[in-house]
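These are the residues of each chain, in order.
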Amino acid sequence: MPYEIKKVFASLPQVERGVSKILDGDPKGHNFLYTNRKCVMLRNIDDHGRFVSCVRFSPDGNRFATASANGQIFIYDGKTGEKVCALGGSKAHDGGFYAISWSPDSSHLLSASGDKTSKIWDVGANSVVSTFNMGSNMLDQQLGCLWQKDHLISISLSEYNNYLDKNNPNKPLRVIKGHSKSIQCLTVHKNSGKSYIYSGSHDGHINYWDSETGENDSFAGKGHTNQVSSMTVDEADQLVSCSMDDTVHYTNLIQRDYSGQSGVKLDIQPKCVAIGPGGNAVVVCIGQMVLMKDQKKCFTIDDPSYEPEVVAVHPSGSTAAMGGADGNVHLYSLQGTTLKHEDKLLRAKGRVTDLAYSYDGAFLAVCDAGKVVTVFSIADSYSENNVFCGHHAKIVCIAWSPHNEHFASGGMDMIVYVWTLSDPETRVKIQDTHRLHHVSSLAWLGEHILVTSSHDSSVKEWTISY
């Protein structure tokens, strides 16, 4: 097979919540016990004063537990429905319950509460074994939990997954801070000999991943507050990102800390950013283009005769290519601190959705809503070099391999093609790259390792063989 999945950096797993098949709870604090086949109600249990948030049978079936918004946990006989005890007396947590989970041997119970703690209970002894204090911030409220074999996991309102340590309740074994919202863009960068993947999502969250181990974290401090639309890395090892919060952030990839920076505020919402040498960055906004120099706005083009969508800067820094909704690529020369429109137009086969220069600057690849990739030769005055067809739906992203011999395109059809520049018929097709949603972004870690992201909140590494 010409490709294989190497790694999946998954989104935050969704811990199962809700009620079991034969138990149900309602907002009035009632539990209803049904027979398994005929669904005839055997008992109406009204011990809870407020709505019941979770009901769980023990794995051996001998008991079931119920938890409610007023911080109570009741244990019942699994066959008769008779109440056995109230864990922790009248109140097991200071806040409402969101989830409970039994241990595999049915002797203990894990609980998650809005009081920012999780607890392990010895059900037989009716006592707390461990209390996990998850923090003091509102986002540290615990909304879900799971006891799976030897793993105890609690999910915070921040949507972080906390692997709890029974031997050290004060510090989780591991905290996974992956995305819980759709990933919009990604880029890659080498730092201290390691390759990292940087991904930005719909909620403004930026995460970085060790490409070898999958270990990940997010930047410290307060960054973007809305969708991260585009990102790249400049020659000063800074992550340059633009967002629907109308800012462009420059974040040092050594420190990985937003603190002390407020971002560059733009007048209009940005859609795409591209960097050039010498501290230049070109930002495409809604109906506007902005040239930035050393993190400051220095030139603006308002109301061009077309709607700019995406931008790429030639490796030499001499030219910026703007892809438009009019189906054309508009070329601009970078002259000092200005952008000058050139007369030449490059015609795509539809609305331009992405474009990228090869690393050697010899070619410009343009993808469009017409399901076509067009490659232009720079040395031949941007003449059309070749056309690449195969996608069944709009293409949304494109990326060149480091050796300039191949490039990848991802579309709304959930397909990624790895194309050979010299022969459009020689290609690698990755079917159902992300099964639930389309591919949102692409990047290369090496000539044979491709990274993809999607609105399914996951990042994947693929090994490509030609």
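Here, the structure is the one placed above.
Residues numbered from 1 in each chain as written. Predicted model: local features only at pLDDT ≥ 70, side-chain atom pairs only at ≥ 80, totals over all residues. Heavy atoms only, no water.

A. Quick look at the overall build of the protein chain. The helix and strand inventory of the protein chain stands at zero helices and 43 strands. Principal axes of the C-alpha set define a box for the protein chain whose edges measure 85 × 50 × 40 Å. Residues classed as buried in the protein chain amount to 55% of the 466 residues present. (Helix = DSSP H or I, 4+ residues; strand = E, 2+ residues; numbered from the N terminus. Buried < 20%, exposed > 50% of the residue type's maximum accessible area, 1.4 Å probe, protein only.)

B. Layout of the sheet that holds strand β35 (residues 372-377). Taken in spatial order, the four strands make up an open sheet running β33-β34-β35-β36, and their pairing is antiparallel. On the outer flanks of this sheet lie β33 (352-357) and β36 (383-389), each paired with one strand and no other. On average, each strand axis in the sheet is tilted by 20 degrees relative to the strand beside it, whichever way the strands run. Across five bridges, strand β34 (residues 363-368) lies against β35 in antiparallel orientation. (Pairing = 2+ DSSP bridges. Axes fitted to C-alpha atoms, helices over the stretch in contact; angles between N-to-C directions.)

C. Here's a closer look at the pattern of salt bridges. Overall, the coordinates contain eight salt bridges when judged by the stated rule. Lysine 271 is the salt-bridge partner of glutamate 309, the closest N and O atoms lying 3.4 Å from each other. Here lysine 271 lies in strand β25 (residues 270-275) and glutamate 309 lies in strand β29 (residues 308-313), a separation of 38 residues in the sequence. With relative accessibility at 15%, the residue glutamate 309 sits in the buried group. The partly exposed category is assigned to lysine 271, whose relative accessible area is 21%. (Salt bridge = Lys/Arg side-chain N within 4 Å of Asp/Glu carboxyl O.)

D. Representation of the pairing of strand β42 (residues 449-454) within the structure. For β42, the tally of buried residues reaches five of six residues, placing the bulk of the element in the interior. Looking at chain direction, strand β41 (residues 439-446) and β42 are connected through six bridges and run antiparallel. Within β42, the residue paired with glycine 446 across the bridge is isoleucine 449. A loop of two residues connects β41 with β42, the two strands running antiparallel in sequence. By the bridge criterion, five bridges tie β42 to strand β43 (residues 459-464) in an arrangement that is antiparallel. Its bridge partner being in β43, isoleucine 449 is matched across the sheet by threonine 463.

E. Molecular detail of the nonpolar core. Counting residues in each nonpolar core, the largest one holds 30 residues, and the members touching the most others are Val282, Met322, Val329, Leu339 and Leu364. Those residues in contact with methionine 322 that sit more than four places away from it in its chain are Val282, Val284, Met289, Tyr306, Val310, Val311, Asn328, Val329, His330, Tyr332 and Leu339. (Core = buried A, V, L, I, M, F, W, Y, C linked by side-chain atoms within 4.5 Å. Contact = heavy atoms within 4.5 Å.)

F. Structural view of the pairing of strand β38 (residues 406-411). Buried residues dominate β38, accounting for six of its six residues. Residue alternation in β38 divides its side chains into two sets, His406, Ala408 and Gly410 and Phe407, Ser409 and Gly411, and both sets are buried. Hairpin connection between strand β37 (residues 395-400) and β38: a loop of five residues separates the two successive antiparallel strands, and asparagine 404 in this loop has a positive phi of roughly 65 degrees. Of the strand pairs in this sheet, β38 and strand β39 (residues 416-420) are connected by five bridges, and their pairing is antiparallel. Counted as the bridge partner of phenylalanine 407 is tryptophan 419 from β39.

G. Local environment of the environment of aspartate 60. Note that aspartate 60 resides in the loop between β5 (52-57) and β6 (63-68). When the C-alpha atoms of aspartate 60 and serine 107 are compared, they prove to be 9.8 Å apart, with 47 residues separating the residues in sequence. Polar contacts involving the side chain of aspartate 60 include one to the side chain of serine 58, which spans 2.7 Å. (Polar contact = N/O pair within 3.5 Å; in protein donor to acceptor, adjacent residues only side chain to side chain.)

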